[in-house]
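Each chain, written out:
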Amino acid sequence: MTNTLTIRRPDDWHVHLRDGAVLKAVTPETARHFARAIVMPNLVPPVVTGDDAAAYRDRIMAAVPEGMSFEPLMTLYLTEDTDPKDVRAAHSAGIVTAAKLYPAGATTNSASGVRDFEKIRPVLETMAEIGMPMCVHGEVTDAEIDIFDREAVFIDRVLDPLRTSIPQLRVIMEHVTTKDAVDYVRSNEERLGATITTHHLIINRNHMLVGGIRPHYYCLPVAKRETHRLALVEAATSGDARFFLGTDSAPHVDAAKETGCGCAGVFSATNTMSCLAYVFEKEGALDKLEAFASLNGPAFYGLPANEETITIEKGPAAAYPDKIASGSGPITLFDPGVELEWRVV
Ligand code: DOR
Ligand code: ZN
């Protein structure tokens with residue numbers, strides 16, 4: 001039995017680092033294991049221009065502890081007013097890596113997102129031309145669509161028509177949660193990838209709702225039924241280059257989660273690599289963990305894989321804190337509900 005695994009240092013292709021006191025608290029949690037991360041732009045106000053992204057990047061770098069190496073890959077938040085010239089300039093200056101499409105109202109801080117997708121056509125055409133990928137939160141927001149169906153409906157109503165009309169655009173379906181999304185990604189040969197989160201590989205909607213409501217498992221897209229979780233596990237552990245890790249580690253302080261109307265988001269930066277090793281070992285697929293966490297993402301983004309390595313070892317259960325402290329209050333860490341025997345050493 002394998003008890004030690006050495007892989008190239010992983011990257012996180014979807015993370016929320018926030019700002020201020022929370023940024024300070026969570027950045028080391030990501031930088032400890034991950035060499036790079038695609039940093040989501042849904043601050044209040046959002047990161048919409050190249051200047052915003054450069055300033056945010058500086059604030060992130062100031063929160064990286066001495067001795068840790070970490071490169072934030074910045075994203076722009078697409079709005080109906082995004083200026084294609086600014087996007088082009090920020091991309092060619094190396095300030096931003098990708099842009100994020102949030103349908104208005106889909107999730108946390110998405111009020112400035114897009115309502116009329118035709119309005120962003122010029123910017124998407126520019127992105128297609130310069131080879132800048134679009135990360136997409138793939139859920140419709142129409143009140144009449146059941147929350148558990150919103151991802152599948154988005155594929156048919158929005159994503160597929162959009163990709164057909166701008167075929168050169170590289171698209172990452174972020175945090176896929178359904179077999180429908182896995183099948184859609186698989187049915188496309190080129191220019192379409194998907195990130196999968198740590199928590200969606202481990203929990204289904206029962207974990208969130210049976211025996212009491214568990215706010216720390218509430219995220220968006222919301223966890224679906226077990227058949228969908230199994231499809232995600234199969235995709236992640238298959239080695240298929242179109243699927244890669246985006247933790248969607250999304251910290252909210254406990255007071256914002258444990259309340260009458262709690263925020264969506266699971267904070268998993270700290271124990272993600274242990275959780276993934278657990279999932280991949282269970283599938284007999286530890287040999288595919290490197291592809292999922294360290295190789296497929298950079299390949300999709302056209303970046304080199306990291307040269308450094310990390311070693312993950314199996315032993316007595318790893319001791320993770322239940323919460324990490326921040327200047328704004330405690331933040332509860334994702335509880336996978338199992339003992340984590342693998343840890344990064
Ligand atoms: O659960 C989520 N939390 N999903 C998102 O799409 C946004 C994120 C956040 O920013 O808290
Ligand atoms: Zn996210």
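Data block above holds the structure.
Read on for an overview of the structure.

1. A few points about the sheet that holds strand 2 (residues 12–15)
Read from one edge of the open sheet, eight strands run 2-3-4-5-6-7-8-9, paired in parallel fashion. One side of each edge strand has no neighbouring strand; the edge strands of this open sheet are strand 2 and strand 9 (243–245). Neighbouring strand axes in the sheet, compared pairwise and without regard to direction, differ in orientation by 30° on average. With three bridges connecting them, strand 6 (residues 134–136) and strand 7 (residues 171–173) associate as parallel partners. When the bridges of strand 7 are listed, V136 appears paired with M173. Along the sheet face, helix 5 (residues 150–165) touches strand 6, strand 7 and strand 8 (192–196) and points at about 180° away from the line of strand 7.

2. A few points about the coordination of the zinc ion (ligand 2)
Each protein donor to the zinc ion (ligand 2) is listed here as H14 (NE2), H16 (NE2) and D248 (OD); together their distances run 2.0 to 2.1 Å. Counting along the primary sequence, the residues that act as donors to the zinc ion (ligand 2) give the motif H-x1-H-x231-D. On the criterion of sequence distance, the pair formed by H16 in the loop between strand 2 and helix 1 (20–31) and D248 in the loop between strand 9 and helix 9 (254–257) is long-range, its members being 232 residues apart. On the basis of relative accessibility, which here comes to 6%, the residue D248 falls in the buried class.

3. Here's the deal with the sheet that holds strand 1 (residues 4–8)
One open sheet accounts for three strands, arranged 1-10-13; its pairing is antiparallel. Either end of the sheet is taken by a strand with one partner, and the two such strands are strand 1 and strand 13 (342–344). This sheet shows a mean twist of 25° between the axes of neighbouring strands, independent of strand direction. Inspection of the sheet shows strand 1 paired to strand 10 (residues 309–314) by five bridges, in the antiparallel sense. Across the sheet, residue T6 finds its bridge partner in strand 10, namely T311. With respect to the sheet, helix 10 (residues 272–282) is in contact with strand 1, strand 10 and strand 13, its orientation differing from that of strand 13 by roughly 140°. Across the sheet, helix 11 (residues 289–301) lies against strand 1 and strand 10, angled at about 25° from strand 1, the strand it touches most.

4. Some points on the packing of aromatic side chains
Overall, the coordinates contain eight aromatic pairs when judged by the stated rule. Pairing F280 with F292 gives two aromatic rings, centres 5.6 Å apart and planes at 35°, and the pair type is tilted. Remark: F292 occurs in helix 11 and F280 occurs in helix 10; sequence separation between them is twelve residues. When sorted by exposure, F280 lands in the same class as F292, which is buried. Among the aromatic residues, those joined into a ring-pair cluster are W13, F244, F300 and Y301. For the cation-ring pair, R170 lies above F300, with the distance from its terminal atom to the ring centre recorded as 4.3 Å. Seen from the ring of F148, R205 lies directly overhead, with NZ or CZ sitting 4.6 Å from the centre.

5. Regarding the layout of surface pockets
A volume near 230 Å³ is recorded for the largest pocket. Along the walls of the largest pocket sit 15 residues, with Y320, D322, F334, D335 and P336 positioned nearest its centre. Classifying every residue of the lining of the largest pocket by side-chain character gives ten nonpolar, two polar and three charged.

6. Looking at the side chain of T237
You can see T237 is positioned in helix 8 (residues 226–237). Setting aside anything within four residues of it in sequence, one finds T237 in contact with F280, E283, A285 and K288.

7. Topic: the packing of helix 6 (residues 179–186) against helix 8
Where helix 6 contacts helix 8, the two axes come as close as 8 Å, and the packing angle between them is 35°. Contacts between helix 6 and helix 8 pair K179, D180, V182 and R186 from the former with H228, A231, L232, E234 and A235 from the latter. Residues belonging to the contact of helix 6 with helix 8 are distributed by class as follows: four nonpolar, one polar and four charged.

8. Here we look at helix 1
The terminal C-alpha atoms of helix 1 lie 17 Å apart, and with twelve residues this matches the ideal 16 Å at 1.5 Å per residue to within 8%. Counting buried positions over the twelve residues of helix 1 gives nine, a clear majority of the element. Buried residues of helix 1: V22, L23, A25, V26, T27, P28, E29, T30 and A31, and no others. Residues of helix 1 that are buried sit in contact with strand 2, strand 3 (36–39), helix 2 (50–62), strand 11 (323–324) and strand 12 (331–332).

Rules and cut-offs
Residues numbered from 1 in each chain as written. Chains lettered and ligands numbered in written order. Predicted model: local features only at pLDDT ≥ 70, side-chain atom pairs only at ≥ 80, totals over all residues. Heavy atoms only, no water. Pairing = 2+ DSSP bridges. Helix = DSSP H or I, 4+ residues; strand = E, 2+ residues; numbered from the N terminus. Axes fitted to C-alpha atoms, helices over the stretch in contact; angles between N-to-C directions. Contact = heavy atoms within 4.5 Å. Donors = N, O, S within 2.8 Å, 3.2 Å for Na, K, Ca; no water. Buried < 20%, exposed > 50% of the residue type's maximum accessible area, 1.4 Å probe, protein only. Phe/Tyr/Trp six-rings, centres within 6.5 Å; stacked < 30°, edge-to-face > 60°. Lys NZ or Arg CZ within 6 Å of the ring centre and 35° of its normal. 1 Å grid on protein atoms, 1.4 Å probe; cavity = no way out; pocket = protein on both sides within 12 Å on 5 of 7 lines; lining within 4 Å. Points joined across faces, edges and corners; volume = space filled by probe spheres on them. Nonpolar A, V, L, I, M, F, W, Y, C, P; charged D, E, K, R; others polar. Expected span 1.5 Å × (residues − 1).

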